[in-house]
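Listed below, chain by chain, are the residues.
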Amino acid sequence: MVGERVEVAPVLADIGRVNMLFALEAGPPGPGWRALSGAGPEEAAAEVERVRERLAGFAAVPAGAVEWRVAASLFQQGLATRLLSPVLAAALCHGAALRARDFHRDPGAAGAPVLRTSQRWAAPVCREPAAVAAHLAESVLAGVLEPVAAALRAAGARGRVAPGLLRGNTASALAGAARSLGADRPAVRERAREVVRLLTSAPPLAGTGSYTGRDAGGAAVFRRTTCCLYYRVPGSGYCGDCALTAPGRGPGA
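Per chain, the residues get numbers from 1 upward, laid out in the order the sequence is written. Given that the model is predicted, a residue must reach a pLDDT of at least 70 before its local features are reported, and side-chain atom pairs must reach 80 or more before they are shown or counted; all residues, however, enter totals for whole chains, interfaces and linings. To obtain the side-chain values, all non-hydrogen atoms of the structure were used and water was disregarded.

**Student:** Quick question: what am I supposed to make of the overall build of the chain here?
**Tutor:** Strands here mean DSSP runs of E at least two residues long; helices mean DSSP runs of H or I at least four residues long; both are numbered from the N terminus. Helix and strand content of the chain: six helices and nine strands. Here the globule rule reads 2.2 Å times residues to the power 0.38, and the radius of gyration is calculated from C-alpha atoms. The C-alpha radius of gyration computed for the chain amounts to 18 Å, which stays within 12% of the reference 18 Å derived for 253 residues, consistent with globular compactness. With the principal axes as the frame, the chain shows a C-alpha extent of 50 × 45 × 30 Å. With a 1.4 Å probe rolled over the protein chains alone, any residue whose accessible area is under 20% of its type maximum counts as buried; one over 50% counts as exposed, and the rest are partly exposed. Relative to its full complement of 253 residues, the chain shows a buried share of 46%. Sequence-distant contacts in the chain: of pairs separated by 6 or more residues, those separated by 24 or more amount to 68%. Per-residue accessibility takes into account occlusion by the displayed protein chains alone, with areas from the Shrake-Rupley method and a 1.4 Å probe. Roughly 11,300 Å² of accessible area belongs to the chain as shown, and the carbon and sulfur atoms make up 55% of that amount. Asp and Glu count as negative and Lys and Arg as positive, but His and the ends of the chain are not part of the count. A single reference atom marks each charge: NZ on Lys, CZ on Arg, CG on Asp, CD on Glu. The average position of the 29 basic charges and that of the 20 acidic charges among the side chains of the chain differ by 4 Å. For this analysis, residues touch if any pair of their heavy atoms sits within 4.5 Å.

**Student:** Sorry, what's going on with the nonpolar core here?
**Tutor:** Where a protein is soluble and globular, its nonpolar side chains tend to be buried together. Residues belong to one nonpolar core when they are buried, are Ala, Val, Leu, Ile, Met, Phe, Trp, Tyr or Cys, and are joined through side-chain atoms within 4.5 Å. Counting 75 residues, the largest nonpolar core has L83, L88, L136, V140, L152 and L181 as its most contacted members. Counting residues per element, the ones that place at least two in this core are α1 (8-15), α2 (41-59), α3 (68-94), β4 (96-97), α4 (129-154), α5 (163-184), α6 (189-199) and β9 (220-224). Beyond its immediate chain neighbours, meaning those up to four positions away, V140 contacts L83, L84, V87, A100, H135 and L145.

**Student:** How do you make sense of the sheet that holds strand β7 (residues 121-124) when you look at a structure like this?
**Tutor:** As a general point, the strands of a sheet are linked pairwise by backbone hydrogen bonds and lie either parallel or antiparallel. Strand pairing is assigned whenever DSSP identifies at least 2 bridges connecting the two strands. In space, the three strands of this open sheet follow the order β1-β7-β4, with antiparallel pairing throughout. Strand pairing shows two members of the sheet lacking a second neighbour, β1 (6-7) and β4, which therefore form its edges. Here β1 runs beside β7; their pairing, made up of two bridges, is antiparallel. The partner of E7 across the bridge, within β7, is W121.

**Student:** What's the story with the side chain of T117 in this structure? I'm lost.
**Tutor:** Tracing the backbone through its elements, the reader meets T117 in strand β6 (residues 115-117). When near neighbours in sequence (up to four residues on either side) are disregarded, T117 contacts V8, L12, L24, E25, A26, G27, D102 and F103.

**Student:** How do you make sense of the confidence of the model for the chain when you look at a structure like this?
**Tutor:** Atom-level detail of predicted coordinates should not be read off regions where pLDDT is low. pLDDT is a per-residue confidence score from the predictor, ranging from 0 to 100. In this model, the chain carries a mean pLDDT of 90, and residues with pLDDT of at least 70 account for 92%. In this model residues 248-253 is a low-confidence stretch, pLDDT under 50, and it forms seven contacts with partners more than four residues away in sequence or in other chains.

**Student:** Looking at this model, I keep getting lost on the sheet that holds β6. Mind explaining?
**Tutor:** Taken in spatial order, the four strands of this open sheet run β2-β6-β5-β3, and their pairing is mixed. Each edge of the sheet is formed by a strand with only one pairing partner; in this case those strands are β2 (25-26) and β3 (34-35). Pairing geometry for β2 and β6, over two bridges, is parallel. Residue A26 lies in a different strand from β6, and its bridge partner there is T117.

**Student:** Please clarify how the pattern of salt bridges should be interpreted in this entry.
**Tutor:** Side chains that differ in sign of charge can pair as their charged atoms come close. Salt bridges are identified by distance alone: a Lys or Arg side-chain nitrogen within 4 Å of an Asp or Glu carboxyl oxygen. All chains considered together, the criterion is met by 14 salt bridges. Here R185 makes a salt bridge to D14, at a shortest N to O gap of 3.0 Å. Placement of the pair is R185 in the loop between α5 and α6 and D14 in helix α1, with a sequence separation of 171 residues. D14 shares its class with R185; the two are buried. With its nearest N and O atoms 2.6 Å apart, the salt bridge here joins R99 to D102.

**Student:** Got a minute to help me understand the environment of R191 in this structure?
**Tutor:** Mapped onto the secondary structure, R191 falls in helix α6. Not counting the four nearest positions on each side in its chain, R191 is found in contact with L92, R127, E128 and P129. As used in this structure description, the phrase polar contact means that two N or O atoms lie within 3.5 Å; if the pair is within protein, one of them must be able to donate a hydrogen and the other to accept it, and residues adjacent in sequence are counted only when both atoms belong to side chains. Of note is the side chain of R191, whose polar atom sits 2.8 Å from the backbone oxygen of R127.

**Student:** Is there a simple way to explain α3 in this structure?
**Tutor:** Because an α-helix completes one turn every 3.6 residues, residues spaced three or four positions apart along the sequence face the same direction. Multiplying 1.5 Å by the residue count of a helix minus one yields the expected span of that helix. When the terminal C-alpha atoms of α3 are compared, their 39 Å separation across 27 residues agrees well with the 39 Å that a helix rising 1.5 Å per residue should span. Judged by how many residues are buried, α3 sits mostly within the fold: 24 of 27 residues are covered. G95 occupies a position one or two residues after α3 and carries a positive phi of about 65 degrees.

What follows is the structure, given as structure tokens:
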């Protein structure tokens, strides 16, 4: 049964303890803060350039050595992780429906993006996987990530990122959020896994990846069908769920 609306601040205080990717401040956006849902092509391109510079700094190479499409892919995947993690945790752990369109970012913050929501009360959502999956699809996928993907496509003169790759990034971010949440909150581990299964079995994430078994600790192992292109950053490698690390696959496969 779905109950009454839920106060957001205590929910955020709890789920923020999972790890930093679940952290979301409660309060109105500060001066200069930007809504994550409203990025146009120019703003999206500026975000990609910031990611490009950070990647180049980590690799100790000029920014031009990092392809624009690689930076665009990693920008979108990082954004997907920061959106999906708190929304998933709030729904499964507290039955609270966070609105991703109300998330704002401080563009001047150094290091990991600082996110804040002006939402004070959340509508209740059933904690069962099907209801949580539907909420994620509406709040995060349709509400923010699809417009961001459109903005990146519109910025295509700088470089093109395949739509299927971006959908794969979203699936990977979702699976990673579910894994982290399940490790910290074992009581919701199987429901989190089922949310992933449901969302990756239907549009727009159908065909982006699936679970292939369990690791030695019993956690579900997710394998995506595309690559986020991180391996193309100088001096980097492959992510644990990358399609290119599957048997018989590789950059030239």
